[in-house]
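This is what each chain is made of:
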Amino acid sequence: MFCSPADERPRVGREATREALIEATAQIMVDEGYAAATSRRVAAKAGIKPALVHYYFPSMDDLLVAVLRDKAETILQRQRQAMAEAEPLHALWQLNGAQDARLFTEFLAMANHRKAIRSEISSYPTRFRDLEEGAMTLALKARGIDLESFPPVVMSMIMGSLARMVLHERSLGITRGHDEARVFIEQCLDRFEMPAWDQQQQATGRSSDPARSAGVEVTSNTIV
């Protein structure tokens, strides 16, 4: 049995409304924090009647879990894309400072107060870290770096945690030490990046000096 065009239009409309609610919730959380994501605020942001929020999502926990799953899968996909870049470590550094990373930080804070989020969120940080550690391991091995002296899991944690901390502090108006941190991390990434990057760097005339590093913008909103 197949759907007629008349049947298809309402289905497409429902999917579009559901997606609009997810996007509206995510944007409110990024802009104002998770506490601001009430059903009325989400409905106003999505441009629908408040009663429709609970038509699509019986409870706010259901909506928040849907947002978490949607955005976490997006982050995982972008991590995989970053690992395929010519500069995978640089790409992952930028990704950790993107808007989606800030949204995930809100979910981590929310998990302390919402059981549904706490039970849902537990697997994602491990999946994020596994991909980052894998990329770091490949790069360090390719460079001949001693993995005991520079454990990939620790190196990837430093990279990711520092990027997210800078992003969080910037949202609070704190900038002390950020330029120095970016220069330091970029110098480390230049040292540990996959060897193939050296050839591209020489071909394009790029250098790994602090001036180039200081120009990197960590708070990019999209990494595609």
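Please refer to the structure placed before this passage.
A brief look at the structure comes next. (Residues numbered from 1 in each chain as written. Predicted model: local features only at pLDDT ≥ 70, side-chain atom pairs only at ≥ 80, totals over all residues. Heavy atoms only, no water.)

1. Looking at the nonpolar core
- Counting residues in each nonpolar core, the largest one holds 34 residues, and the members touching the most others are Leu63, Phe104 and Phe107.
- Per-element accounting of this core gives the leading share, 10 residues, to helix α4 (residues 60-83).
- Beyond its immediate sequence surroundings of up to four residues, Leu63 is in contact with Leu21, Ile22, Thr25, Val42, Val53 and Phe57.
- Of all hydrophobic cores here, the second largest spans 19 residues; its members include Ala139, Ala163, Ala181 and Leu189. (Core = buried A, V, L, I, M, F, W, Y, C linked by side-chain atoms within 4.5 Å. Buried < 20%, exposed > 50% of the residue type's maximum accessible area, 1.4 Å probe, protein only. Helix = DSSP H or I, 4+ residues; strand = E, 2+ residues; numbered from the N terminus. Contact = heavy atoms within 4.5 Å.)

2. Digging into the packing of aromatic side chains
- Applying the stated criterion to the full structure yields 4 aromatic pairs.
- When the ring of Tyr55 is compared with that of Tyr56, the centres are 5.0 Å apart and the planes differ by 85 degrees; the resulting orientation is edge-to-face.
- Among the residues examined, Tyr55 registers a relative accessible area of 57% and is labelled exposed.
- Ring geometry for Phe104 and Phe128: centres 4.9 Å apart, planes at 70 degrees, overall edge-to-face. Here Phe104 is found in helix α6 (residues 99-110), whereas its partner Phe128 is found in helix α8 (residues 123-143), with 24 residues between them in sequence. (Phe/Tyr/Trp six-rings, centres within 6.5 Å; stacked < 30°, edge-to-face > 60°.)

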